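Structural characterization, general
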Amino acid sequence: MVASFFAADKLLGVVRDAAIGHAFGASAALDAYYAAFELPDGLFTVVAGSAMATALIPVLSARIVRGEREAVWRLVSAVVNLALLCVMAMSAVAAIFAPQVIQALAPGFRGEQAALAARLMRLVLLQTLVSSVSGIVMSVLQAHQHFLLPAAAPISYTLGRIAGALLLAPRWGIFGLAWGGLAGTVGHFLIQVPGLIRYRARWWPTLRHPDLRPLLALMGPRVLGLGVTYVNFVLPTFLGSRLPAGAISAYEYGWRLMQFPETIIGTALGLAVFPTLAELANADDRGGLRRVASRALRLVLALAVPAGVGLLVLGRPLTALLFQRGAFDAATTDRVYAALRFFALGLVAHSALEVVSRLFYARRDMWTPFWVALGGLATNAGLGWLLLPTLAHGAIALSNSLGAGVQVVVLLAVAQRRLGGVGGRALTVSVARAALASALMGGAVMGFQGLLPGAGPLVTGVGGMAVGGATYVLAALLLGSEEILELPGLLRERR
């Protein structure tokens, strides 16, 4: 169910990016727009987004299992109140010093572009206030094993940005896109209100609760870890601002195209499995943790590996098919693919990281992912800086992918030692099958494209997807892939 809603959101995301591309292409104004989100997005992520979710869900799950309803909502009230106060204070400071913030985040911006990014950032900070509350509500509903409304909420945000690009941007320019995002964020919160009503939510004007201090202690290392993740997300703007105009936008288009399958595969399964992992960890069921994590990871990789190969061999025609119109010309397509080809590896790494990292968070171990994320950051920043003169914004995509891969490998090694095995031989065999079937798939797609050298992106893109998908499924089944065999039954089970 989560994957289905995420797929719908990502399909709408393609429409959103197509609308943005038609209006702005890969331009200096769009670079400024993306730069304006860096600090507000980091503020949300650290205070009320993933940091809060990974700490709050295990604590709430324990209270919910014991039937302590009033204690649950008193804790939620304290968390919401504290998060709002923190975000309001930090947003006010950021709005005052917006020009200095933009200069630090995008040192290559000059003159009007820097001023535009500062004005946009002040508007986006309003959006962060709403999204902070909405993000906490998502975690609360997920802790209650309610996934429908949290999975549907991002669609409202995406629709708001589409409306901004189509209806407001022609009149207000890039600010129309920002106002559409603010309206979508309000919808993101409102769509979850029925869930709060269903679980009889109550609110108290309090900042105290017995679980608040342990919760903040759990958040501490996670905040530091997400601070590292935040730097990883700022790096494209920091490095890309030193490249010709449009480099940041081209990278962002590539990132979003990679995020389409990664969200459906990695994020959806990671979110769905996390409450179960938390319950098993609370019960100290190490065997259950190993089984659930191993199954989730094998399923993720069985889907992410062929998707990554698909990005590599179909990225250019699909980019042209989806976006190449209006201000988004053939040269922009080439710039986007320069990043997208390196995200093929990143798709696999980021998808696996969604599951592997949550195995540690479920056990309330926030420090291990933090130290490992530091290693990923060093890889990302070092390689990005070294390769920037050679690969331009492609270097940023490659270093991001390798940094995520380093985290997955190290976290798996640690989990293997602490839990007595997470994947073991079954994981190795599963990855080998997926890699071999994906290689056959890639060869089939390239052969199909070679037979139609003059065909347009519709034929080579959509036709290539059909050929590749059929080839992979057939090859995986012939190789005995348990994950592909289980997938239809898993989908029926979820329905």
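Now for a description of the structure that goes with this document. (Residues numbered from 1 in each chain as written. Predicted model: local features only at pLDDT ≥ 70, side-chain atom pairs only at ≥ 80, totals over all residues. Heavy atoms only, no water.)

In this structure, L30 and Y33 are the most contacted members of the largest nonpolar core, which totals 127 residues. Leave out the neighbours within four places in its chain, and Y33 touches L120, R161, I174, L177 and A178. One finds A437, M441, Y472 and I484 within the second-largest nonpolar core, a separate group that totals nine residues. (Core = buried A, V, L, I, M, F, W, Y, C linked by side-chain atoms within 4.5 Å. Buried < 20%, exposed > 50% of the residue type's maximum accessible area, 1.4 Å probe, protein only. Contact = heavy atoms within 4.5 Å.)

Now for the pattern of salt bridges. Under the definition given, this model contains eleven salt bridges. The salt bridge partner of R298 is E483, with a shortest N-O separation of 2.8 Å. Of this pair, R298 sits in helix α13 (residues 286–323) while E483 sits in helix α20 (residues 482–494), placing them 185 residues apart in sequence. A relative accessible area of 12% places R298 in the buried class. With relative accessibility at 3%, the residue E483 sits in the buried group. Note that R358 and E354 form a salt bridge whose closest N and O atoms lie 2.7 Å from each other. Remark: E354 and R358 occur in helix α15 (residues 343–362); sequence separation between them is four residues, near one turn of the helix. For the pair R358 and E354, a shared accessibility class is recorded, and that class is buried. One connected set of salt bridges, linked through shared partners, spans R63, R66, E68 and D211. (Salt bridge = Lys/Arg side-chain N within 4 Å of Asp/Glu carboxyl O. Helix = DSSP H or I, 4+ residues; strand = E, 2+ residues; numbered from the N terminus.)

What follows deals with the packing of helix α7 (residues 111–143) against helix α8 (residues 148–172). Closest axis-to-axis distance for the α7/α8 pair is 9 Å, and the angle between their directions is 160°. As summarised for this structure, α7 and α8 are arranged roughly antiparallel, according to the angle between their axes. Counted together, Q127, M138, L141 and Q142 of α7 and L149, P150 and Y157 of α8 form the full contact between these two elements. Within the contact of α7 with α8, the residues separate by chemical class into five nonpolar, two polar and no charged. (Axes fitted to C-alpha atoms, helices over the stretch in contact; angles between N-to-C directions. Parallel < 35°, antiparallel > 145°, perpendicular 65-115°, else oblique. Nonpolar A, V, L, I, M, F, W, Y, C, P; charged D, E, K, R; others polar.)

Here we come to helix α19 (residues 457–478). Between its terminal C-alpha atoms α19 stretches 30 Å, which fits the 32 Å expected from 22 residues at 1.5 Å a residue. Positive backbone phi, at 80°, marks G480, one or two positions downstream of α19. (Expected span 1.5 Å × (residues − 1).)

A contiguous nonpolar surface patch, about 460 Å² in accessible area, is contributed by L451, L452, L458, V459 and V462. For the nonpolar patch, the leading source of residues is α19, giving three residues. Along the chain, the position of V459 falls in helix α19. (Patch = residues over 30% accessible without salt bridge, like charges linked within 9 Å, V, L, I, M, F, W, Y side chains within 5 Å. Areas by Shrake-Rupley, 256 points an atom, 1.4 Å probe, with all protein chains shown as cover.)

A few words on the packing of aromatic side chains. Taken as a whole and assessed by the stated rule, the structure comprises eleven aromatic pairs. Each ring, one from Y253 and one from F328, has its centre 5.1 Å from the other, and the planes form 75°; the classification is edge-to-face. Remark: F328 occurs in the loop between α13 and α14 (330–340) and Y253 occurs in helix α12 (residues 247–282); sequence separation between them is 75 residues. Judged by its relative accessible area of 1%, F328 falls in the buried class. (Phe/Tyr/Trp six-rings, centres within 6.5 Å; stacked < 30°, edge-to-face > 60°.)

In the Ramachandran plot, Q145 falls in the positive-phi region, its phi being about 60° despite a non-glycine side chain. Among the secondary structure elements, Q145 is positioned in the loop between α7 and α8. Given a relative accessible area of 36%, Q145 falls into the partly exposed group. For R364, which is not glycine, the phi torsion reads 60° and is therefore positive.

For α15, spanning 20 residues, the distance from its first C-alpha to its last is 28 Å, which sits close to the expected 28 Å at 1.5 Å a residue. Along α15, the largest kink reaches about 30° and is centred on L353. Within α15, 18 of the 20 residues are buried, which leaves it mostly tucked inside the rest of the structure. At the exit of α15 stands R364, carrying a positive phi of roughly 60°. (Bend = angle between axes of the 7 residues up to and from the residue.)

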